[in-house]
Each structure stands twice: as C-alpha cells, then as structure tokens.
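# Structural overview
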Amino acid sequence: GAGVSQSPRYKVAKRGQDVALRCDPISGHVSLFWYQQALGQGPEFLTYFQNEAQLDKSGLPSDRFFAERPEGSVSTLKIQRTQQEDSAVYLCASSPQPDRHYSSGANVLTFGAGSRLTVL
Amino acid sequence: AQSVTQLGSHVSVSEGALVLLRCNYSSSVPPYLFWYVQYPNQGLQLLLKYTSAATLVKGINGFEAEFKKSETSFHLTKPSAHMSDAAEYFCAVRTGNQFYFGTGTSLTVIP
C-alpha cells in the first residue's frame, strides 16, 4: 500500500484480556519496527523484524508481549493478560533496507498512525 | 548507550517568529540524526535527517537543522512560524537497529 496501515486505531480492553494489533507495512519494505508511545513521551523501541526474522526483541517489556511477522509482510503485536500500564499508543514503522545499508541514509522509518490501547 | 535530550517540553511562538527546538544527543559513534513531526492522532512524519553528508540539513515545510559535533546538538529551526506548524516534534538518533527518541517538544503557534 501507499503507507503503513495499522488496525485497530482504537482498542479498549478490560484488564486481563488479550489484544492483537496489526501492522501492514509498505509493500516490499524489509524492516519492520514496533514502538510503544506512552502519553506525553517519545516512542520507545519494542522489537525489530528483518523480513520474517525477529532480530531484536530487547524492548518488549514482559513475556506478555509477543510479536510475529510470519510471511515477512504483515506483523501482529499481541499482548496477553493486559494491564493498565500497557495503555499507550503502539506505533509500527517500516523501512526499505535491512540494517547493513543504514549508512547510506536510506533507512528512514515510515510510521503508521498507531493503535491506541486503553486498558480499564 | 545512546540518548536524546529535548530541552523544553512546550514551546510557544508567535506566527511569523523564529522557531527553535533544541536537541542534544549522546552517542559513542557518529550518529544518524532525525527530526520527526507528529500531528494529533497521526503517526510520526519525517522532517529531515542528518547522515554526515552536510552539517546543515534542509527538510520539508521550511525546517532545517544544523549538526554541531562540538556541542553534540542538532537543533531544529524555521525562520517564520506558521499556524500549521503546531504539532509535537521528536528528535531521534539511530544506531544499529534502534532509533532512540526524545520525549518530544510541543510547539504552539500564537496568531
């Protein structure tokens, strides 16, 4: 598609529910990132995929968070047993090149509009 | 560890006045630096990027930023603010796989 698409845009969950957030990156983009943006804060890195491989998941805050990108395109961020502190905007971003090309400056992130999660 | 500090969480300027948003970074290696803008209920949009080609970088919408290694700064400026510039601005540094974002500066433009 023309841009990075995320769904749902808004999700309200009761504490303890599981949620799944979807990201459709720009077609052909190799790299995909998930970020968490709490209210009044900058985006915080969660995880990074190169094609279907999850190369870095160091930012996932707990084992309740799980991300996948099985076919190297669409990605899903799943949060199990949601807690109130999980309330945030979850941003997905993609870029065309894998990390080894970043020195060319080509690795600019294109962000989706985000999925706002509110846990009650 | 890499980090970005944005001084001033809120900046107000009059329409037509100079915009200056401050960003300082810490990086153990030559950084790749970015400014992103976020309008309400939208994702982040790239304004400009520094990738060592030139220290003065021009971006979209009349914004520019100057990389000053001696000051470890990458401040964002615009000579004349427009009402449409009101938004949240984020400075970011990239090393390896990760982008590290500042906490953001909210720009208000007063008519």
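Residues numbered from 1 in each chain as written. Chains lettered and ligands numbered in written order. Predicted model: local features only at pLDDT ≥ 70, side-chain atom pairs only at ≥ 80, totals over all residues. Heavy atoms only, no water.

Residues and elements named next belong to chain B. Scanning the model with the defined rule gives two disulfides over all chains in all. Disulfide pairing is shown between Cys23 and Cys91; the S-S distance is 2.0 Å. Taking the torsion about the S-S bond as the criterion, the Cys23 to Cys91 disulfide, at about -65 degrees, is left-handed. Taken together, the residues Cys23 in the loop between strand 3 (19-21) and strand 4 (24-26) and Cys91 in strand 10 (residues 87-95) connect sequence positions 68 residues apart. There is no split in this pair, since Cys23 and Cys91 are both buried. (Disulfide = S-S within 2.5 Å. Helix = DSSP H or I, 4+ residues; strand = E, 2+ residues; numbered from the N terminus. Buried < 20%, exposed > 50% of the residue type's maximum accessible area, 1.4 Å probe, protein only.)

Here we come to the side chain of Thr47 of chain A. Residue and element names in this part refer to chain A. Among the structural elements, Thr47 can be located in strand 5 (residues 44-50). Looking at Thr47, its side chain comes within polar contact range of the main-chain oxygen of Asp56, at 2.8 Å. For Thr47, the residues in contact, after removing those within four places along its chain, are Leu32, Phe33, Trp34, Gln54, Asp56, Lys57, Leu60 and Ala67. (Polar contact = N/O pair within 3.5 Å; in protein donor to acceptor, adjacent residues only side chain to side chain. Contact = heavy atoms within 4.5 Å.)

This next bit is on the confidence of the model for chain A. Per-residue confidence for chain A gives a mean pLDDT of 90; residues scoring 70 or more make up 91%. Within the model, pLDDT remains below 50 along residues 101-105 of chain A, and this stretch shows seven contacts once partners closer than five positions in the same chain are excluded. (pLDDT = per-residue confidence, 0-100.)

To continue, consider the layout of surface pockets. The space that makes up the largest pocket amounts to roughly 460 Å³. Considering the residues around the largest pocket, the lining is formed by 24 residues, among which Gln37, Leu39, Val89 and Arg116 of chain A together with Gln38 of chain B are closest to the centre. Counting only elements with at least two residues in the lining of the largest pocket, the list comes to strand 9 (88-95) and strand 11 (115-119) of chain A together with strand 10 of chain B. The biggest single contributor to the lining of the largest pocket is strand 11 of chain A, with four residues. Split into classes, the residues belonging to the lining of the largest pocket amount to eleven nonpolar, ten polar and three charged. (1 Å grid on protein atoms, 1.4 Å probe; cavity = no way out; pocket = protein on both sides within 12 Å on 5 of 7 lines; lining within 4 Å. Points joined across faces, edges and corners; volume = space filled by probe spheres on them. Nonpolar A, V, L, I, M, F, W, Y, C, P; charged D, E, K, R; others polar.)

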